[in-house]
Amino acid sequence: MHLSFAYFYVLLCLKYYNALAAEGQTKITVGAIFYENEKEIELSFDQAFREINNLKFFELQFVTIKRFMPTTDSFLLQQLTCELISNGVAAIFGPSSKAASDIVAQIANTTGIPHIEYDWKLEATRQDHLNHQMTVNVAPALSVLSRAYFEIIKTNFEWRTFTMIYETEEGLARLQDLMNIHALNADYVKLRHLADYADDYRILWKEVYETFHEHRIILDCEPESLKEQLKISMEFKLQGPFRNWFLSHLNTHSSGLQEIYNADFKANITSARLKIVDPNPYERKKTRLTKADQVLNSQMMLPILMYDAVVLFANSARNVINAMQQFYAPESHCVNSLGRPWQMGTYIVQEMKIISEDDVEPHFKTENMKFDEFGQRTHFNLEIYKPTVNEPLMVWTPDNGIKVRRLTAEQESSSTAQDFSEQRRVYTVVTHYEEPYFMLKQDHENYRGQEKYEGYAVDLIRKLSELMEFDYEFMIVNGNGKYNAETKQWDGIMRKLIDHHAQIGVCDLTITQLRRSFVDFTVPFMQLGISILHYKSPPEQKNPFAFLEPFATDVWIYMIFAQLIMTLAFVLIARLSYREWMPPNPAIVDPDELENIWNVNNSCWLMVGSIMQQGCDILPRGPHMRILTGMWWFFALMMLSTYTANLAAFLTSNKWQSTIKSLEDLIEQDEVKYGSMRGGSTSLFFSESNDTDYQRAWNQMRSFNPSAFTSNNREGVDRVRKEEGKYAFLMETTSLTYNIERHCDLRQIGEQIGEKHYGLAVPLGADYRTNLSVSILQLSEKGELYKLKNKWWKNHNVTCETIHEVDGDELSIIELGGVFVVLAGGVVVGVILGIFEFLWNVQNVAVEERVTPWQALKAELMFALMFWVRRKPMRITSSSSDKSSRRSSSSRRSSKEKSRSKTS
């Protein structure tokens, strides 16, 4: 009983104290205009003034007058405004952007009553600024908000192509800077108005999916219609993985998107909202939240901005009243338009434009509030977040741009919703069959799925998936992609990436400026150039009797017959010439007989020695014999000189060597045609080059008939091998080296032309491109890329015979082998004749010396082997004491030797 009485007594004392305090405070009347369905804004308005009036040392007491509008009637709005002014209000709040006119701002400007707005307004003209001098808008200026979105989309997200969809004029104004990224180029930025598809929104989303193949969508629509639009878009797979949405309305978080969020929403959805002031961690938490507290905590833009508008006006009014040390209420009327405006209202508006957010109490709900001279809010902070799970990501500020937001432990633990967009992704990798990048295994029938493929690209994607922790599946197309200049369309890998049917393109895909206009590339995983693939003719079989090739067979036959005829003619003419008959012994003055030395043996020896340029130890004496000999020498000189020259030319011309050693050689000749893959990066290199030689090569390739271009590299390689030296193929060095390693009849001509790179292609603006590039760099630093290249370029079972390509002046042993054969044959014939002669002599010795043939053979052979004995006895088979027999034997042998010499 005593406790309840004491409690009642304390309440009476507090009420009496507050009444006394209120009597000492200056009362200020303010007015507000609301529409009937703006209960949350009204609650925020009341809550703000309630908190201000409850502050002990605020020294001002605010009284509010609220008026409500059932419709957007401008006449009714004017009447309500004039009513508030006639009631002596010191400020008018509102109405929201639903108002069809700016009549409130014009009346306030005339009467000098501060006018505070809290909702978006389209950019005012210069005349509007003159009519709105008493208006301050705490809502972000649309031009600054548009610049913020530009920095988020272009700088941070790095989107270069996207589709923008808006619902209201304010929404279009929020996106105006984004429209200038590519000047509304239809290939990059597509703009659509929701009102144009009001009859059936499915037409819009079908167009976005099937016609635009869009993966990046910027949607600005009211929160009330957002869920409906997202549900419809889901029917066209626009909420699948690798889709990116940016919802630009600042009230997106109030749309109830979390209510429909489920596992089917795998798209990456982000949005932006005004950044509210982080709560004081040491502030005591309320145990009971009112309806107004719930509204303010929901971060809905208009209620929060209404709260800030009240705080801004109240603190500015207090500063002005304290500075003037008095307050006089306005006495204005709409009917008395010629009266003087309320002067204090002008001071309050000026104070509102310059007041610091650190000098107000209570504090603003939103961060960074600054105004320009026209009362537009130019400074504010935006929070970039995921509306599906209410997860803050980054913060944008006008001065510092975008920074990643650091969350407190309490904020991190507050979000318990599952983010389906962060689940393990499945990438579609588009490629085409090309050795050694992507191939079917020889026994691929025994495998399923990705296991039946092999190649450099397969191993590369597998290693990247291990580093980045993603799954993948292959999509196979025909070719890397060729660009049609007339239709401005691509095919192959490029087409699938542009249409977003695949996320990664991998093969021998060269990074070019044209391709970079349509897709993005990672850092290169391979460096290469262009070179010439040509046929390597097998060397001709070398002829060991190549020394006979300078003369035809009939020439050799004629030479042999000429030798025989000249020998016989020489013998005959010599026997007719008296000058050629000489005495056998020159010491005998008057011999009984004469002899002629030009028998068949000597004549033949002269013919052979002459043609061999060796001469002879006996020469003719008669003039006609000398003329005959001179003519034969002339014939021998001509034949030998001709043979020597032809032999050198013939042997050097048969060497296995190419006459084409560079691109310049190809250009200057007209026997070998050459070309490249049609529409590939190699043909693009030559067609767009400013180098004179490259332009000449391109013009020649275009002029060849039939066409020198091929549909793919495999066709070019087959054509080089089929035409056996009549066709050369310009291709990238990586593929060229691979084919040379596996085909012994192919070779590279000249050095590398230019420098090119292979990279992974991804759709424009793909958020995973950076991670792919980092992973490729990691593989390169670890040496994995080098190992992969060796594995698929060097590991094969083809062994080519090493062919030594010699210079023109060098002759091999095979080509001169016939000379050695002739030498060996002559030696063998000479040895055989020598043996027969030795045996014939042994037989004669045995008969003359009356010994057995074996004794004669033994004696002659033993003496022949004694190299140190330089004099041979006349008889070697009997004792040296039998001198008479030796003499007789010697005389007989001498007579026989003489007779032999005469007959020879």
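None of the values given here were measured: they were computed from a predicted structure.

Caption draft 1: Focus on the overall build of the protein chain. Helix and strand counts for the protein chain come out as 30 helices and 30 strands. Element-wise, carbon and sulfur atoms account for 54% of the exposed surface of the protein chain, whose accessible area totals about 49000 Å².

Caption draft 2: Here's a closer look at the packing of aromatic side chains. Under the defined criterion, the tally for this structure stands at 42 aromatic pairs. Judged by centre distance (6.0 Å) and plane angle (85°), the rings of Phe49 and Phe93 are edge-to-face. Remark: Phe93 occurs in strand β3 (residues 92-93) and Phe49 occurs in helix α2 (residues 39-53); sequence separation between them is 44 residues. According to the relative accessible area criterion, Phe49 is buried, its value standing at 2%. Taking 5.4 Å as the distance between ring centres and 90° as the angle between the ring planes, the aromatic pair formed by Phe685 and Phe686 counts as edge-to-face.

Caption draft 3: Layout of the sheet that holds strand β13 (residues 382-386). Taken in spatial order, the eight strands make up an open sheet running β7-β6-β8-β9-β10-β13-β14-β15, and their pairing is mixed. Strands with a single pairing partner mark the edges of an open sheet, and in this sheet they are β7 (189-193) and β15 (401-404). Strand-to-strand twist in this sheet, taken as the mean axis angle between neighbours without regard to direction, amounts to 20°. Relative to β7, strand β6 (residues 162-166) runs parallel, the two being bridged by five bridges. Across the sheet, the residue bridging to Tyr166 is His193, located in β7. Helix-sheet contacts for helix α8 (residues 201-211) involve β6, β7, β8 (216-220) and β9 (244-247), and the interaxial angle to β6 is about 170°.

Caption draft 4: Structural detail: the environment of Asp278. On the secondary structure map, Asp278 appears in the loop between β10 (268-274) and α11 (291-297). Between the C-alpha atoms of Asp278 and Lys365, which are 87 residues apart in sequence, the distance is 8.8 Å.

Caption draft 5: The state of the cysteines, seen in detail. Per the counting criterion, the structure on display carries one disulfide. Between the sulfur of Cys82 and that of Cys334 lies a disulfide, 2.2 Å long from S to S. Around the S-S axis, the bridge from Cys82 to Cys334 shows a dihedral of about -105° and counts as left-handed. Of this pair, Cys82 sits in helix α3 (residues 74-86) while Cys334 sits in the loop between α12 (301-324) and α13 (343-354), and the two are 252 residues apart along the sequence.

Caption draft 6: Local environment of the pattern of salt bridges. This structure, assessed with the given rule, holds 30 salt bridges. Across the pair Arg174 and Asp220 runs a salt bridge, and its minimum N-O distance is 2.6 Å. Taken together, the residues Arg174 in helix α7 (residues 169-174) and Asp220 in strand β8 connect sequence positions 46 residues apart. In this structure, Arg174 and Asp220 share a single accessibility class: buried. Across the pair Lys756 and Glu732 runs a salt bridge whose closest N-O atoms are separated by 2.9 Å. Of this pair, Lys756 sits in strand β29 (residues 746-758) while Glu732 is found in strand β28 (residues 727-732), placing the two residues 24 residues apart along the sequence.

Caption draft 7: How the structure looks around the sheet that holds strand β27 (residues 673-675). Sheet architecture is open: four strands sit in the order β27-β28-β24-β29, paired in mixed fashion. Where the open sheet ends on each side, the last strands, each with one partner, are β27 and β29. Taken over all neighbouring pairs, the strand axes of this sheet differ in orientation by 15° on average, direction set aside. Sheet topology places strand β24 (residues 526-535) next to β28; four bridges connect them, and they run antiparallel. Residue Ile530 lies in a different strand from β28, and its bridge partner there is Glu732.

Caption draft 8: Examining the nonpolar core more closely. With 90 residues, the main nonpolar core has Phe62, Phe93, Tyr149 and Phe313 as its most contacted residues. Sort the elements by how many residues they give to this core and α12 lands first, with 14 residues. Non-local contacts of Phe62, meaning those with residues more than four positions away in its chain, are made with Ile28, Val30, Phe49, Ile52, Asn53, Phe313 and Ala314. Listed in part, the 46 residues of the second largest apolar core include Val430, Phe438, Val506 and Ala766.

Caption draft 9: Structural view of helix α24 (residues 713-723). Along α24, the residues classified as buried are Asn713, Gly716, Val717, Arg719 and Val720. Along the axis of α24, the buried residues cluster in a sector spanning 160°; they form a single face. In this fold, the buried residues of α24 make contact with β24, β28, α25 (733-742) and β29. Two or three places before Arg714, at the opening of α24, Asn712 has a side-chain oxygen 3.2 Å from that residue's backbone nitrogen. Directly beyond the C-terminal end of α24, a positive phi value near 50° is found at Glu724.

Caption draft 10: A look at a nonpolar patch on the surface. Residues Ile557, Tyr558, Ile560, Phe561, Leu564 and Ile565 make up a contiguous nonpolar surface patch of about 660 Å² in total accessible area. Of note, Phe561 is situated in helix α18 (residues 553-576).

Caption draft 11: Molecular detail of the pairing of strand β14 (residues 391-397). For β14, the tally of buried residues reaches five of seven residues, placing the bulk of the element in the interior. The sheet contact formed by β13 and β14 spans five bridges and is antiparallel. Across the sheet, the residue bridging to Leu382 is Trp396, located in β14. As consecutive antiparallel partners, β13 and β14 are separated by four residues, and within that stretch Asn390 has a phi angle of approximately 55°, a positive value.

Caption draft 12: Looking closely at the pairing of strand β1 (residues 26-35). Most of β1 sits inside the fold, with seven of its 10 residues counted as buried. Pairing geometry for β1 and strand β2 (residues 60-69), over 10 bridges, is parallel. Bridge pairing in β2 places Thr26 opposite Leu60. Each parallel crossover has a hand, and the one from β1 via α2 to β2 is right-handed. Pairing between β1 and β3: two bridges, direction parallel. Residue pairing in the sheet places Ala32 in a bridge with Phe93 of β3.

Caption draft 13: Quick look at the packing of α2 against α12. Between α2 and α12, the least distance of the axes is 8 Å, while the angle of their chain directions is 30°. Between α2 and α12, the crossing angle belongs to the class labelled roughly parallel. The interaxial crossing formed by α2 with α12 has right-handed handedness. Contacts from Glu40, Ile41, Ser44, Phe45, Ala48, Phe49, Glu51 and Ile52 of α2 reach α12 at Leu302, Pro303, Ile304, Met306, Tyr307, Val310, Val311 and Ala314. Residues of the contact of α2 with α12, tallied by class, amount to 13 nonpolar, one polar and two charged.

Caption draft 14: Geometry of helix α4 (residues 103-111). Of all the residues in α4, the buried ones are Ile103, Val104, Ala105, Ile107, Ala108 and Thr111. Once α4 finishes, Gly112 follows within two positions and takes phi at roughly 80°, a positive value.

Caption draft 15: Up close: the packing of helix α22 (residues 681-688) against helix α23 (residues 692-703). Relative to each other, α22 and α23 sit at 120°, their axes nearing to 7 Å. Classified by the interaxial angle, the pair formed by α22 and α23 is oblique. Judged by the twist between their axes, the crossing of α22 over α23 is left-handed. The residues of α23 that touch α22, namely those facing Ser683, Phe685, Phe686, Ser687 and Glu688, are Tyr694, Gln695, Ala697, Trp698 and Met701. Counted by class, the contact of α22 with α23 contains six nonpolar, three polar and one charged residues.

What counts, and at which threshold
Residues numbered from 1 in each chain as written. Predicted model: local features only at pLDDT ≥ 70, side-chain atom pairs only at ≥ 80, totals over all residues. Heavy atoms only, no water. Helix = DSSP H or I, 4+ residues; strand = E, 2+ residues; numbered from the N terminus. Areas by Shrake-Rupley, 256 points an atom, 1.4 Å probe, with all protein chains shown as cover. Phe/Tyr/Trp six-rings, centres within 6.5 Å; stacked < 30°, edge-to-face > 60°. Buried < 20%, exposed > 50% of the residue type's maximum accessible area, 1.4 Å probe, protein only. Pairing = 2+ DSSP bridges. Axes fitted to C-alpha atoms, helices over the stretch in contact; angles between N-to-C directions. Contact = heavy atoms within 4.5 Å. Disulfide = S-S within 2.5 Å. Salt bridge = Lys/Arg side-chain N within 4 Å of Asp/Glu carboxyl O. Core = buried A, V, L, I, M, F, W, Y, C linked by side-chain atoms within 4.5 Å. Arc of directions from axis to C-beta. Polar contact = N/O pair within 3.5 Å; in protein donor to acceptor, adjacent residues only side chain to side chain. Patch = residues over 30% accessible without salt bridge, like charges linked within 9 Å, V, L, I, M, F, W, Y side chains within 5 Å. Right-handed = clockwise from strand over helix to strand, strands pointing away. Parallel < 35°, antiparallel > 145°, perpendicular 65-115°, else oblique. Left-handed = near helix turned anticlockwise from the far one by under 90°. Nonpolar A, V, L, I, M, F, W, Y, C, P; charged D, E, K, R; others polar.

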